[in-house]
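In case you want the letters, here they are:
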Amino acid sequence: MEKLFITQENLKVFIGNLKASCDEFIAPRYEHLGDIVLGDTKADGRELFNYEGNSVISPRAFLLPQTEKLFEIKSAKNCEFIAVKDKQKRIFYGVRPCDIKALRLMEKFFTGGEFEDKPYKEKFRNSVFIALSCIKKCSEESFCFELDSGPLAKEGFDLQLTPLNRGFMVEIGSKKGSQIVRKHKKLFSKAKPEDEKEVRALSLNFAKGKKKINHKRLAKVMRENKVQESIWDDIGLRCVVCSGCVTLCPTCSCFSIQDRLNGDQGSRFRYCDGCVYAGFTRMAGGNTPFPRHEDHIRRFFEHKLNIDTQRYGVSSCVGCGRCIQTCPGNISIRKFIEQTVDGS
């Protein structure tokens, strides 16, 4: 990947230029009680050029909204529908490497299989993703390095910025990114050897005392049902079905569909659903193959650490730590991984 350099002053100019080229500029900004939240800063200029930690929500909230209208039903009887198309051009700035990896996994889920999700694909295709690498852990709960999701993104970004003492090193990760840089080439210079040396030093420092998780071994233990029942029982007792984990997880992809009709007309909506809910697997007759409460939260763990590892070759837990931070029952997916791998 080509590596360039941009100063803090030129970055401000660059962002100003980018805002003029898009409909929404989604960037981290401070909200109530100092929370960092992604939001559209095109008009208010509240974006954080560099920051510590991670946003409460991930880019998933914009690509797979909590609720979205899929199409207008002009006549249910005559099957007359008009698709709702989202043509907004969005630029996502300051996306952490763990969330970049999550976006890549979500892209595979919604567009890489036998069927393509057109609303998701449309929003993804009209978006630009600018990553901001981590120079230290986002939180005590995060473990991105252990799951190969940080401190630098390896793929899935258009541009990636790494904070340095004298500015930012810039990596080009796609054709989109290359076109953007060419359009604003006067703002960039070639990265110096000392810039690359500083990035390597930051990466080595980030990795100190950390060990990669063998996600394939973890998936094998779970697939062979060798996780101690006491672990599942403890998680089941702690879970209060607040849905914080499935709401904030950057790779949760479950949704349901609902028609809202007024006579012969109405709309079809998609809304985010979650495997922790008791009704998630309830069948038309009212029965459910998973009646126990602990089985519901277990699905969340199985999905992230077992099923997706089989499907994609990597875990869909990216180690962002959001589910740990938000859980009132003190459930930790990181602790579960450690107990499962060490106890196998």
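See the structure printed just above.
First, a word on what this report is: a plain description of the structure on this page. Small disclaimer: the values here were computed from a predicted structure and weren't measured.

Here's the deal with the side chain of Q160
The residue Q160 is located in strand β8 (residues 159-163) in this model. Looking at Q160, the relative accessible area reads 0%, which means it is buried. There is a polar contact of 2.8 Å between the side chain of Q160 and the backbone nitrogen of A153. Residues within four places of Q160 in sequence aside, it is in contact with P97, A131, S133, L152, A153, M169, V170 and E171.

Details of the sheet that holds strand β1 (residues 3-6)
On the basis of which strands lie adjacent, the open sheet formed by eight strands has the order β3-β2-β6-β7-β8-β9-β1-β10 and mixed pairing. The open sheet terminates on both sides in strands that have one partner only, identified here as β3 (36-40) and β10 (189-190). Pairing between strand β2 (residues 24-30) and β3: five bridges, direction antiparallel. Bridging from a neighbouring strand, R29 pairs with V37 of β3.

As for the packing of aromatic side chains
According to the stated counting rule, one finds 14 aromatic pairs in the structure shown. Seen in terms of ring centroids, F109 and F110 are 4.9 Å apart; in terms of plane orientation they differ by 85°. Their pairing is edge-to-face. For F109, a relative accessible area of 32% puts it in the partly exposed group. You can call F110 buried: its relative accessible area is 2%. Three or more aromatic residues link up through ring pairs in this structure, and these residues are F62, F92, F109, F110, Y120, F124, F129 and F255.

So, the sheet that holds strand β12 (residues 265-272)
Strand order in the open sheet made by the four strands is β5-β4-β12-β11, with antiparallel pairing throughout. Only two strands of the sheet have a single neighbouring strand rather than two, namely β5 (80-83) and β11 (255-262). Geometrically, the sheet is characterised by an average inter-axis angle of 25° between neighbouring strands, direction not taken into account. Bridge analysis of β11 against β12 gives eight bridges, and the strand direction is antiparallel. Among the inter-strand pairings, D259 is bridged to a residue of β12, identified as R268.

What to know about the pairing of strand β7 (residues 127-132)
The buried fraction of β7 amounts to six of the six residues, a majority that puts the element mostly inside the structure. Burial along β7 is two-sided: S127, F129 and A131 facing one way and V128, I130 and L132 facing the other are all buried. Where strand β6 (residues 90-95) and β7 come together, five bridges link them in parallel fashion. Across the sheet, Y93 pairs through a bridge with I130, a residue of β7. With three bridges joining them, β7 and β8 adopt parallel strand pairing. Of the residues in β8, the one forming a bridge with L132 is L161.

With respect to the nonpolar core
Core analysis: the largest hydrophobic core is formed by 29 residues, its most contacted members being F300, F301, L305, I333 and F336. Of all elements in the fold, only α7 (215-223), α8 (229-238), α9 (244-248), α10 (293-312), α11 (322-326) and α12 (333-343) reach the threshold of two or more residues within this core. Core analysis: the second largest hydrophobic core is formed by 27 residues, L4, F14, F49 and V128 among them.

Side note on the packing of α7 against α10
Axis separation between α7 and α10 bottoms out at 9 Å; the angle between their running directions is 110°. The angle between the axes of α7 and α10 places the two elements in the roughly perpendicular class. Note on packing geometry: the crossing formed by α7 with α10 is left-handed. Together, H215, K216, L218, A219, M222 and R223 of α7 and F301, E302, L305, N306, T309 and Q310 of α10 make up the contact between the two elements. Along the lines of polarity and charge, the residues of the contact of α7 with α10 split into five nonpolar, four polar and three charged.

Comments concerning the environment of L261
Looking at where L261 falls in the secondary structure, it is placed in strand β11. By relative accessible area, which is 48% here, L261 ends up partly exposed. As for L261 and V56, which are separated by 205 residues in sequence, their C-alpha atoms are 35 Å apart. Once residues within four sequence positions are removed from consideration, L261 is found in contact with I73 and G266.

Parameters at a glance
- Residues numbered from 1 in each chain as written.
- Predicted model: local features only at pLDDT ≥ 70, side-chain atom pairs only at ≥ 80, totals over all residues.
- Heavy atoms only, no water.
- Helix = DSSP H or I, 4+ residues; strand = E, 2+ residues; numbered from the N terminus.
- Buried < 20%, exposed > 50% of the residue type's maximum accessible area, 1.4 Å probe, protein only.
- Polar contact = N/O pair within 3.5 Å; in protein donor to acceptor, adjacent residues only side chain to side chain.
- Contact = heavy atoms within 4.5 Å.
- Pairing = 2+ DSSP bridges.
- Phe/Tyr/Trp six-rings, centres within 6.5 Å; stacked < 30°, edge-to-face > 60°.
- Axes fitted to C-alpha atoms, helices over the stretch in contact; angles between N-to-C directions.
- Core = buried A, V, L, I, M, F, W, Y, C linked by side-chain atoms within 4.5 Å.
- Parallel < 35°, antiparallel > 145°, perpendicular 65-115°, else oblique.
- Left-handed = near helix turned anticlockwise from the far one by under 90°.
- Nonpolar A, V, L, I, M, F, W, Y, C, P; charged D, E, K, R; others polar.

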